[in-house]
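Structural characterization, general
Now for the letters of each chain:
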2 protein chains.
Amino acid sequence: MRKQDITIYDVAREAKVSMATVSRVVNGNTNVRKDTRERVMKVINRLHYQPNAVAQGLASKRTTTVGLIVPDLTNLYFAELSKGIDDIALLYKYNIIITSIENRLMREDQAIQGLLNKQVDGVIYMSDNLPEEAIEAFKRTDTPVVLAGTKDSHSEFPSVAIDYQKADTEALNLLYNDGRRNLALVLGNPDTVVSAENRIPAYKKFMADHGLGEGHIYTNIKDHSDGYNLLSQLEQDGIDGVIVSRDVTAVGILNSAIDAGKKVPEDLEIITANATQIASVVRPALTAIRQPLYDIGAVAMRMLTKLMNNEEVPEKQIELSYEILKKQSTTNE
Amino acid sequence: MRKQDITIYDVAREAKVSMATVSRVVNGNTNVRKDTRERVMKVINRLHYQPNAVAQGLASKRTTTVGLIVPDLTNLYFAELSKGIDDIALLYKYNIIITSIENRLMREDQAIQGLLNKQVDGVIYMSDNLPEEAIEAFKRTDTPVVLAGTKDSHSEFPSVAIDYQKADTEALNLLYNDGRRNLALVLGNPDTVVSAENRIPAYKKFMADHGLGEGHIYTNIKDHSDGYNLLSQLEQDGIDGVIVSRDVTAVGILNSAIDAGKKVPEDLEIITANATQIASVVRPALTAIRQPLYDIGAVAMRMLTKLMNNEEVPEKQIELSYEILKKQSTTNE
DNA sequence: CTGAAAGCGCTAACAT
DNA sequence: ATGTTAGCGCTTTCAG
């Protein structure tokens, strides 16, 4: 059996209409008389006709496909964002081409170009690392782009995220109210927009405002074992409260503390800034900045559908609200 | 700037060759003289020509796109499989269209049909729930399919997985050697091929072989809270050792035990059968059947590339080796 | 080694 | 309401 043996032409012949009419009924065009529509439908069903989306795409210049650019699918942060995107995409009948860029073989701008070559109708970019080449690639095209769970420096692109500075400040304040004075910030890549322009400035400002000195910012701490190994350094620096950008990293610190016989939160308070499922299943459960990841994805995709339809989008920089989930890794006084 | 302003025709004109020749150099056809190739390349670069993949797909009947069908991206089991698939896909220059079927709006066979309409060159199916309509949809097409991390009842389709029966038996044996006699099996959907034809028979056989009676099989225990709530039942039934099909569920049981003041492994031994990252970051770390998820995905995708090229694939039912990772949720005597 | 020409399967004016 | 006719941008014989 062939991949595609029957075409719109076969249906037209069998139903004794032109292919234009078949096309109309397939696309739900109302300008078809009821009985011809039914006749055509009957033939479609009998022949099991299925439109070739590639041909449709070439002819109509719309592929009903959106591209997703994501650093790493096994990072639940992105997986949860993706789920929100996926659900809305399904609702609006878009397919998703996913491209992960963590792999060294794939640069950001190449990923974008690949998606553009496939003629996607729009793209959602989820990495908080948006290099110059990527920005230029986006500017060269008129295919709409939305950033999800991240922002760009100059707010050139539509985005959906939270107010990272406010969230971090609030988290630092929680630590401060618990009596902690030696506060640290643990980051992965320090050069991303979220780190460099949001978390770090918020941290520095907080420390200055409260007369806590320079503080300690640890960078390039990216996974569980990095976190695990960081503990001795934290001890050495006398840290008693820490904000960690990624939750598996936070869990690494937590496990390291437990294994070393330290008590959390008594000896060290931990707050994770990007909570996923993992933050809540470890014990003690991690106090966290809970970003509405699913919603961020969903809102981003919804905005993209509007952009793809050239609809009005008054607010292009959307900030959703977060909450600070007080769990067991802080005393919450 | 247009989505696609320059076509192969523009390049042909500028380079003073026919579009056939441009097509040849774009596709690396060797039948082009070196200097014409270079001349064409220069024009391509000057004009920033990028081939329209949709047009290529229509003309060549190959889209260099594969479809992925996955129940839930936020389940790390599938995310890790996907990563293996993605890396190999990148290597062979395939794009990936991902479809999740967890959503009630999308049935398995609809997902398949949607992918087929998009003219994917192949599909990888990752759900261990393969309903009859899905089987028929696959049979109706000659687009190759590979099952990853699961199997079908009759081994009709190529698949990459592990020997679930052997793995479960080995895990049960570990519990038995630790002196446990009241062994239970905790499953999500009991009607999948992996559950119904592998885990359950292996469990029943083990219980019978060791004179341990009927045992206890708990079904439809799907997430952390299901696991959490199951504990009281386990206690009631006097269970002292349990195999859990999903690791977040296992963590639910574990946390419930901890919160109830029980000791793991002393009071209850836990082994998770589908270990992901989560199994190793909780404390006590979970003893687990470690499936090589990344490799399963990678091997499945590699096999699919061969199938798509009509290459010989002698072994279509591949079983990769697993290992039993002895951690802290068993005494390991 | 290169070009001409016929599609791939469908949409979208434009007629009627 | 329906049919006719050009393409969409590219690949692929088939000639030469």
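Shown above is the structure to which this text applies.
Residues numbered from 1 in each chain as written. Chains lettered and ligands numbered in written order. Predicted model: local features only at pLDDT ≥ 70, side-chain atom pairs only at ≥ 80, totals over all residues. Heavy atoms only, no water.

1. Overview of the overall build of chain A
Check the secondary structure of chain A and you find 13 helices and twelve strands. For chain A, the spread of C-alpha atoms along the three principal axes comes to 85 × 35 × 35 Å. Counting over 333 residues, chain A shows a buried share of 57%. Here the analysis covers contacts within chain A between residues at least 6 apart in sequence; of these, 69% occur between residues at least 24 apart. Per element, the accessible surface of chain A, about 14400 Å² overall, is 47% carbon and sulfur. Across chain A, the centroid of the 38 positively charged side chains sits 12 Å from that of the 45 negatively charged ones. (Helix = DSSP H or I, 4+ residues; strand = E, 2+ residues; numbered from the N terminus. Buried < 20%, exposed > 50% of the residue type's maximum accessible area, 1.4 Å probe, protein only. Contact = heavy atoms within 4.5 Å. Areas by Shrake-Rupley, 256 points an atom, 1.4 Å probe, with all protein chains shown as cover. Lys, Arg positive; Asp, Glu negative; His and termini not counted. Charge placed at Lys NZ, Arg CZ, Asp CG, Glu CD.)

2. As for the protein's contact with DNA strand C
Taken together, 27 residues sit near DNA strand C, with Ile8, Ser23 and Tyr49 of chain A together with Arg24 and Arg33 of chain B positioned nearest. In DNA strand C, the atoms that sit within 4 Å of the protein are 61% sugar and phosphate, with bases accounting for the remainder. Ser23 of chain A is positioned with one of its side-chain polar atoms (N or O) 2.6 Å from a phosphate oxygen of DNA strand C. Within the side chain of Gln56 of chain A, an N or O atom sits 3.0 Å from a phosphate oxygen of DNA strand C. Counting residues per element, the ones that place at least two in the surface near DNA strand C are helix H2 (19-26) and helix H4 (53-60) of chain A together with helix H2 (19-26) and helix H4 (53-60) of chain B. Across the surface near DNA strand C, the residue classes tally to twelve nonpolar, ten polar and five charged. (Near = heavy atom within 4 Å. Polar contact = N/O pair within 3.5 Å; in protein donor to acceptor, adjacent residues only side chain to side chain. Nonpolar A, V, L, I, M, F, W, Y, C, P; charged D, E, K, R; others polar.)

3. Some details on the protein's contact with DNA strand D
Around DNA strand D, 26 residues are found, and the nearest of them are Arg24 and Arg33 of chain A together with Ile8, Ser23 and Tyr49 of chain B. Counting only the atoms of DNA strand D within 4 Å of the protein, the fraction contributed by sugar and phosphate is 60%. Separating a phosphate oxygen of DNA strand D from a side-chain N or O atom of Thr21 of chain A is a distance of 2.9 Å. Take Thr36 of chain A: an N or O atom from its side chain is 2.7 Å from a phosphate oxygen of DNA strand D. For the surface near DNA strand D, the element with the most residues is H4 of chain B, which contributes four residues. Tallied by class, residues from the surface near DNA strand D come to twelve nonpolar, ten polar and four charged.

4. Thoughts on the relation of the copies chain B and chain A
Applying a rotation about an axis and a shift along it to one chain copy brings it onto the other copy. Mapping chain B onto chain A calls for a screw motion: a turn of 180° about the axis and a shift of 0.0 Å along it, with 0.1 Å RMSD after fitting. Here the copies are linked by what is in effect a two-fold axis. Closest to the rotation axis within chain B is the C-alpha of Ile97 of chain B, separated from it by 2.2 Å. The residues that chain B uses at the interface reappear at the interface of chain A in 100% of cases, marking a shared surface. (Least-squares fit on C-alpha atoms with pLDDT ≥ 70 in both.)

5. Topic: the interface of chain B and chain A
A common measure of how large an interface is: the accessible area buried when the components associate. Taken together, the contact between chain B and chain A spans 58 residues of the former and 59 residues of the latter. Buried surface at the junction of chain B and chain A, both sides included, amounts to about 5200 Å², of which 55% is carbon and sulfur. Linking chain B to chain A there are six salt bridges. Among the salt bridges present, the one from Asp72 of chain B reaches Lys83 of chain A, with a minimum N-O distance of 3.2 Å. For the interface between chain B and chain A, the tally reads 26 residue pairs in polar contact (both at pLDDT 80 or more). Where the side of chain B that touches chain A is concerned, the elements lending two or more residues are H4, helix H5 (76-91), strand E2 (95-100), helix H6 (108-117), helix H10 (224-236), helix H11 (247-259) and helix H12 (277-281) of chain B. (Buried area = accessible area lost by both parts, 1.4 Å probe. Salt bridge = Lys/Arg side-chain N within 4 Å of Asp/Glu carboxyl O.)

6. A closer look at the packing of aromatic side chains
Overall, the coordinates contain eight aromatic pairs over all chains when judged by the stated rule. For the pair Phe138 of chain B and Phe157 of chain B, a centre-to-centre distance of 5.7 Å together with 70° between the ring planes defines the contact as edge-to-face. Residue Phe138 of chain B is found in helix H7 (residues 132-140), and its partner Phe157 of chain B is found in the loop between strand E4 (145-148) and strand E5 (159-161); the two are separated by 19 residues along the sequence. Summarising the burial analysis for this pair, Phe138 of chain B and Phe157 of chain B share the class buried. Their ring planes at 80° and their centres at 6.0 Å tell us that Tyr176 of chain B and Phe206 of chain B sit as a pair that is edge-to-face. Taken together, the residues span a long stretch of sequence, with Tyr176 of chain B in helix H8 (residues 164-177) and Phe206 of chain B in helix H9 (residues 193-209) at a distance of 30 residues. You can call Phe206 of chain B buried: its relative accessible area is 3%. The ring of Tyr176 of chain A is capped by Arg181 of chain A, whose NZ or CZ atom sits 3.6 Å from the centre of that ring. (Phe/Tyr/Trp six-rings, centres within 6.5 Å; stacked < 30°, edge-to-face > 60°. Lys NZ or Arg CZ within 6 Å of the ring centre and 35° of its normal.)

7. Regarding helix H8 (residues 164-177) of chain A
Residue and element names in this part refer to chain A. With 14 residues, H8 ought to run about 20 Å at 1.5 Å a step, and its terminal C-alpha atoms sit 20 Å apart, in line with that. Of all the residues in H8, the buried ones are Tyr164, Ala167, Asp168, Ala171, Leu172, Leu174 and Leu175. All buried residues of H8 fall inside an arc of 150° around its axis, so they share one side. You can read the cap of H8 off the contacts: a side-chain oxygen lies 3.2 Å from the backbone nitrogen of Gln165, and it is on Asp163. Once H8 finishes, Gly179 follows within two positions and takes phi at roughly 90°, a positive value. (Expected span 1.5 Å × (residues − 1). Arc of directions from axis to C-beta.)

8. What about the sheet that holds strand E3 (residues 122-125) of chain A?
Read from one edge to the other, the open sheet built from twelve strands follows the order E11(A)-E5(A)-E4(A)-E3(A)-E1(A)-E2(A)-E2(B)-E1(B)-E3(B)-E4(B)-E5(B)-E11(B), with strand pairing classed as mixed. The open sheet has two edge strands, strand E11 (317-319) of chain A together with strand E11 (317-319) of chain B, and neither has a second partner. If you compare each strand with its neighbour and ignore which way they point, the axes differ by 20° on average. Relative to strand E4 (residues 145-148) of chain A, E3 of chain A runs parallel, the two sharing three bridges. Of the residues in E4 of chain A, the one forming a bridge with Tyr125 of chain A is Leu147 of chain A. With respect to the sheet, helix H13 (residues 293-308) of chain A is in contact with strand E1 (65-70), E3, E4, strand E5 (159-161) and E11 of chain A, its orientation differing from that of E4 of chain A by roughly 170°. (Pairing = 2+ DSSP bridges. Axes fitted to C-alpha atoms, helices over the stretch in contact; angles between N-to-C directions.)

9. Some thoughts on helix H6 (residues 108-117) of chain A
Of all ten residues in H6 of chain A, seven are buried; the element is thus mostly enclosed. Taken together, the buried positions of H6 of chain A are occupied by Glu108, Asp109, Ala111, Ile112, Leu115, Leu116 and Asn117 of chain A. Turning to H6 of chain A, the residues buried within the fold contact E1, strand E2 (95-100), E3 and helix H7 (132-140) of chain A together with H4 of chain B. Taken from the residues just after H6 of chain A, Gln119 of chain A is the one with a positive phi, measuring 65°.

10. Some words on a nonpolar patch on the surface
Together, Leu91 and Tyr92 of chain A together with Leu105 of chain B make up an exposed nonpolar region whose accessible area comes to about 300 Å². The residue Leu91 of chain A is located in helix H5 (residues 76-91) in this model. (Patch = residues over 30% accessible without salt bridge, like charges linked within 9 Å, V, L, I, M, F, W, Y side chains within 5 Å.)

11. Things to note about the environment of Tyr49 of chain B
Residue and element names in this part refer to chain B. Mapped onto the fold, Tyr49 is located in the loop between helix H3 (34-47) and H4. Judged by relative accessible area, Tyr49 falls into the buried class, the value being 9%. Put simply, Tyr49 and Val11 are 38 residues apart on the chain and 7.5 Å apart in space, counted from C-alpha to C-alpha. When near neighbours in sequence (up to four residues on either side) are disregarded, Tyr49 contacts Ile6, Thr7, Ile8, Val11, Val26 and Ile44.

These values are about where atoms sit, not about what they do.
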